[in-house]
Amino acid sequence: MSKIKVAAITGAGQGIGKSIAKRLADDGFAVVLSDLNEKVLNETVTEFKNSDYKVSSFVGDVTNPQDQKSLVSEAVNTFGSLDVFINNAGVEHVGPVLEITPEKLEFLFKINVFGVVYGIQAAAEQMKKQKSGKIINACSIAGHESFPMMGLYSSTKFSVRAFTQAAAKELAKDNITVNAYCPGIVATDMWTRIDEAIVKHQGGKKGDAFKKAVEGIALGRSEEPEDIGNLVSFLASPNSDYMTGQAICMDGGIIFN
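Counting starts from 1 at the beginning of each chain's written sequence and moves along it residue by residue. The model is predicted, so local features are restricted to residues of pLDDT at least 70 and side-chain atom pairs to those at 80 or more, both for listing and for counting; the totals for chains, interfaces and linings are taken over all residues. Only hydrogens and water are set aside; all other atoms, that is, all heavy atoms of the structure, feed into the side-chain values.

As recorded in an unreviewed UniProt entry, the protein chain goes by the name diacetyl reductase [(S)-acetoin forming], listed as coming from Clostridium pasteurianum DSM 525 = ATCC 6013. UniProt positions are given in the numbering used here, feature names are shortened, and annotations may be inferred rather than shown by experiment. The record held by UniProt for the protein chain lists under Catalytic activity (unreviewed entry) the comment "(S)-acetoin + NAD(+) = diacetyl + NADH + H(+)".

Draft legend 1. Representation of the pairing of strand β5 (residues 133-138) in the model. Exposure categories follow from relative accessible area, calculated using a 1.4 Å probe and restricted to protein chains: below 20% of the type maximum is buried, above 50% is exposed, and the middle band is partly exposed. Each helix corresponds to a stretch of at least 4 residues labelled H or I by DSSP, and each strand to a stretch of at least 2 residues labelled E; elements are numbered beginning at the N terminus. In terms of residue burial, β5 counts as a mostly covered element, since six of its six residues are buried. In β5, alternate side chains face the same way, and those of Gly-133, Ile-135 and Asn-137 on one face and Lys-134, Ile-136 and Ala-138 on the other are all buried. For two strands to pair, DSSP has to find at least two bridges joining them. Pairing analysis gives four bridges linking strand β4 (residues 84-87) to β5, with the strands arranged parallel. Bridge pairing links Ile-86 to Ile-136 in β5. Every crossover in which the path from the first strand over the helix to the second runs clockwise, viewed with the strands pointing away from the viewer, is termed right-handed. Since β5 and strand β6 (residues 176-183) lie parallel, the crossover through helix α5 (residues 151-171) that links them has a hand, and here it is right-handed.

Draft legend 2. Representation of the packing of helix α4 (residues 102-130) against α5 within the structure. Helix axes are fitted to C-alpha atoms over the stretch in contact, other axes to C-alpha atoms as well, and angles between N-to-C directions run from 0 to 180 degrees. Contact pair α4 / α5: the axes reach a minimum separation of 9 Å and the direction vectors enclose 15 degrees. One element, α4, and the other, α5, form an angle in the roughly parallel class. Viewed along their axes, α4 and α5 form a crossing whose handedness is right-handed. Packed against α4, whose contacting residues are Lys-104, Leu-105, Leu-108, Phe-109, Asn-112, Val-113, Val-116, Val-117, Ile-120, Ala-124 and Lys-128, the element α5 presents Leu-152, Tyr-153, Ser-155, Thr-156, Lys-157, Ser-159, Val-160, Phe-163, Ala-167 and Leu-171 at the interface. Convention used here: angles under 35 degrees read as roughly parallel, angles over 145 as roughly antiparallel, angles from 65 to 115 as roughly perpendicular, and any remaining angle as oblique. Each helix crossing is assigned a hand: it is left-handed if the near helix lies turned anticlockwise from the far helix by less than a right angle, otherwise right-handed if that turn is clockwise. In this description, contact between two residues means that some pair of their heavy atoms is separated by no more than 4.5 Å.

Draft legend 3. Structural view of the environment of Ala-213. Locating Ala-213 in the fold gives a position in helix α7 (residues 208-215). A relative accessible area of 22% places Ala-213 in the partly exposed class. Linking Ala-213 and Ser-155, residues 58 residues apart in sequence, is a C-alpha distance of 20 Å. Residue contacts for Ala-213: discarding those within four places in its chain leaves Ile-185 and Trp-191.

Draft legend 4. Just the packing of aromatic side chains, in detail. Ring geometry is summarised as follows: Phe, Tyr and Trp rings, the Trp one being its six-membered ring, pair when their centres sit within 6.5 Å, and such pairs are stacked at plane angles under 30 degrees, edge-to-face over 60 and tilted between the two. Going through the model one piece at a time under the given rule, you end up with two aromatic pairs. Ring geometry for Phe-48 and Tyr-53: centres 5.2 Å apart, planes at 75 degrees, overall edge-to-face. Taking the relative accessible area as the measure of exposure, Phe-48 reaches 1% and is therefore buried. Each ring, one from Phe-114 and one from Tyr-118, has its centre 6.4 Å from the other, and the planes form 65 degrees; the classification is edge-to-face. Here Phe-114 and its partner Tyr-118 are both found in helix α4, four residues apart, which amounts to about one turn of the helix.

Draft legend 5. Region of the structure containing the layout of surface pockets. Think of a 1 Å grid over the protein atoms and nothing else: a 1.4 Å probe that fits but is trapped marks a cavity, an open set flanked by protein within 12 Å on at least five of seven lines marks a pocket, and residues with an atom within 4 Å of a point count as lining. Grid points are joined across faces, edges and corners, and a volume is the space filled by probe spheres set on the points. Counted as a void, the second largest pocket has a volume near 430 Å³. Taken together, 19 residues line the second largest pocket, and the ones lying closest to its centre are Lys-5, Lys-134, Ser-237, Pro-238 and Asp-241. Breaking the lining of the second largest pocket down by element, the ones donating at least two residues are β5 and β6. Note that Gly is not counted as nonpolar here; it falls among the polar residues with everything else outside the nonpolar set of Ala, Val, Leu, Ile, Met, Phe, Trp, Tyr, Cys and Pro and the charged set of Asp, Glu, Lys and Arg. Taken together, the residues that form the lining of the second largest pocket break down as six nonpolar, eight polar and five charged.

Pasting the structure below:
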């Protein structure tokens, strides 16, 4: 009988992270869900248990290196190993470059960049012992091209791409792959907040920014969290064993590299 695969996902209480976790659980993974919001996390864990998924949880802050290590320990202590670690947690920012404050710079980089680095470090430490593993990072189309009002957010996602490439090169000898997924315009609470911020700065009414963004998608619709789950399912599977250092756009046709 083959050993069950184990995946840990940060920011897994809702949105894209929850959809990723559900898809991997459907794929047969045991999943360890982590989130800073304990209430939302517990609700999702209950939902997963009611679906008979193999699930555990850890309330953690990705900006705390020890929390990332403890998340890895939760996976190993509960299910015996860690095969996939997904740095999904992240936050957005919308606003002109000239209005970016030191506080916002620090806040976004601590979560979107520092958190990813700490996750890579914690996961790699365990995966080196196992001599295999897959690390998957949340990037964005904004990590391939920066957009007006999104300069700060984009800079953090460009950094995620850089760390994805560097870690992939450094960890390849240990049979550890490192890749990233790059969503586009996803119909989640995050894009609701982005829409509101753009409208606030540029005028118009609620929903205008989202509608305009969707009109620029070649396939003619906004992205669903399940679309990202499909991509991560591939990245977490043996089918991606010969891929590393890539940041793959799943955006319906916005960024063409």
